[in-house]
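Listed here are the chains, written in short residue letters.
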Amino acid sequence: MATGQLEDARIGKRAYGRVKSAGAFLGAGLLGAGLLTAMPAMPFHGGAAFAQEARQGPLPGSPPTFADLADKVRPAVVSVNVKSRGAAGETSQRDLPDLPPDHPLREFFDQFKHNQPERRPSRAQGSGFLISPDGYVVTNHHVADKVDEIEITFENEEKYKAKVVGSDARTDIALLKIDSKKKFDNWLEFEDTPPRVGDWVLAVGNPFGLGGTVTAGIVSANGRDIGSGPYDFLQIDAAVNRGNSGGPAVDLKGRVVGVNTAIYSPSGGSVGIAFAIPASTAKDVVDKLRDKGKVSSGWLGVQIQNLDENIAESQGLKTAKGALVAKIIADGPAAKSELKARDVIQQVNGRSVSNSRELARTIAALPPGADAKLRVFRNGEEREVTVKLGEFPANDKLASLQGGNDDSDSSASGKELEDLGLTLIPAPEFPGAKTKEGVAIVNVDPNSKAADQGLRRGDVIVEVNGKTVSSPDDVVDGIRDARQKNKKNVLLQVRSRDQQRFIGLPIDKSDEDKESEAKESTGSDKSKGKR
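Draft legend 1. Spotlight on unusual backbone geometry. Even without being a glycine, Lys146 presents a positive backbone phi close to 55°. What makes Lys146 exposed here is its relative accessible area of 73%. The phi angle at Asn486 is positive, at roughly 60°, despite the residue not being glycine. Within the secondary structure, Asn486 is located in the loop between helix H9 (472-484) and strand E27 (489-496).

See the structure below:
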């Protein structure tokens, strides 16, 4: 991202890396519409009661100060202090073996061991908030992931040990339970009604370890895609910094409208744009974590992508709506069905899907084992395919897509498609090739249409218009066939490192075709003249 980068509102060594605004992660989605189990009424009495306590502000319904609201919310917000062991692979003197007393290097080895630093535990701090009087706390997954000890600290300096009840990496929500039989007096509820753009919001947390910090702003956007899977995020302009992770964003009624999780920043500090997990998503996940300790969601087992106008035209579609199946994952649920690569999924169980993110959310909202009836567009006609969904696997178990090539310099040359700006060779001949299938791109003219569509050196063309290719001539034949059918685009299935996707490559008539047509036209005119 040229003008900045997304940085998660983490602290210390537990910071997220930079991420770009990109397409949906495959197979992920919104996790269904569960509801929290009943909880006792909390000490907030709604917007009307609060408005009666405050004097009229500069805007209708706005308080002249947030002090009363902050006083009510802050006691329920906690600091989440975590500790984990030193990173695996670090060496301490206890890990090194002893040499025999008479070994010639014994003295040197003992000195080396003595100078080695001890393995030290890492510490980090985030935020969280109490959601029930019996000690359940919501925070971010990235705050509580893979930690050995958790300590909860309240605003009044009360400290408690806590444990992880459950955590979900894809929504970045974790649920903790305080190890105490105490009944707590302050907790927060999730707001059922989504906020509107322009609504007031307070962000409460522990930025940079400064506990009990309150910042105010407004909801600046809804449904924001920040390149973190298919989930929509709430955008707010309250100051959120590292350490705010897991803290609540509350409305004027003191209800949680979002869980702070990320910031947009070129420097790591707040520039006034922050992102929160919407209350509806957090509420669903918390309920499932409390009930089963994990989140189970449907999995289709495909790699998907959005359509663009070029791909839609090449498929014979009038509009670029739906989700294109780029690849069927081996041994996944779709592999056992009639679903095929290049299918455009337009409906799931009668519900229309307009893009890949919407498809991912729709599928993941279904339980594992459910039948998903898909309306797909294939070869110019619609058909129905039923897939029995699997359970979305953990990230470390999700089968990685094979493919990818070495980008090392090479003087290899092949058949050059001058009009498209591509130079191709059989994939096995490409230096460092990890595949025996397809045709590798050796060079891409930076001013070509191929470059405009994102093709680059090292990409492997697997199919052209649904036909497998193994040589540059196969690619040329596929393009020529598309031109003869008056297609404006040719559909390429391309493998780029560990991703597979479709590209609609615009194709103009070649100079050779134009010259041939010109000769035919001239010959036809001459024949007419003779007659």
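Draft legend 2. Local environment of the pattern of salt bridges. All chains considered together, the criterion is met by 14 salt bridges. Taking the shortest distance from any N to any O, the salt bridge between Glu191 and Lys253 comes out at 2.9 Å. Of the two residues, Glu191 is situated in the loop between strand E7 (173-178) and strand E8 (200-205) and Lys253 in the loop between strand E11 (248-250) and strand E12 (256-264); the sequence distance between them amounts to 62 residues. On the basis of relative accessibility, which here comes to 29%, the residue Lys253 falls in the partly exposed class. In this structure, Asp232 engages Arg361 in a salt bridge whose closest nitrogen and oxygen atoms are separated by 3.8 Å. Of this pair, Asp232 sits in the loop between strand E9 (213-224) and strand E10 (233-236) while Arg361 sits in helix H7 (residues 356-364), and the two are 129 residues apart along the sequence. Of the residues examined, Asp232 reaches a relative accessible area of 27% and is grouped as partly exposed. Among the ionic contacts, a cluster of salt bridges with common partners joins Asp232, Arg357 and Arg361.

Draft legend 3. Main features of the sheet that holds strand E3 (residues 122-130). Around the barrel, which closes on itself, the 6 strands sit in the order E2-E3-E4-E7-E6-E5 with antiparallel pairing between neighbours. Between one strand axis and the next, the sheet turns by 40° as a mean value, whatever way the strands run. By the bridge criterion, 4 bridges tie strand E4 (residues 136-139) to E7 in an arrangement that is antiparallel. From the neighbouring strand, Val138 faces E7, where its bridge partner is Leu175. The sheet contacts of helix H5 (residues 279-292) involve E4, strand E6 (159-168) and E7, and relative to E7 the element is tilted by about 50°.

Cut-off values and rules
Residues numbered from 1 in each chain as written. Predicted model: local features only at pLDDT ≥ 70, side-chain atom pairs only at ≥ 80, totals over all residues. Heavy atoms only, no water. Buried < 20%, exposed > 50% of the residue type's maximum accessible area, 1.4 Å probe, protein only. Helix = DSSP H or I, 4+ residues; strand = E, 2+ residues; numbered from the N terminus. Salt bridge = Lys/Arg side-chain N within 4 Å of Asp/Glu carboxyl O. Pairing = 2+ DSSP bridges. Axes fitted to C-alpha atoms, helices over the stretch in contact; angles between N-to-C directions. Contact = heavy atoms within 4.5 Å.

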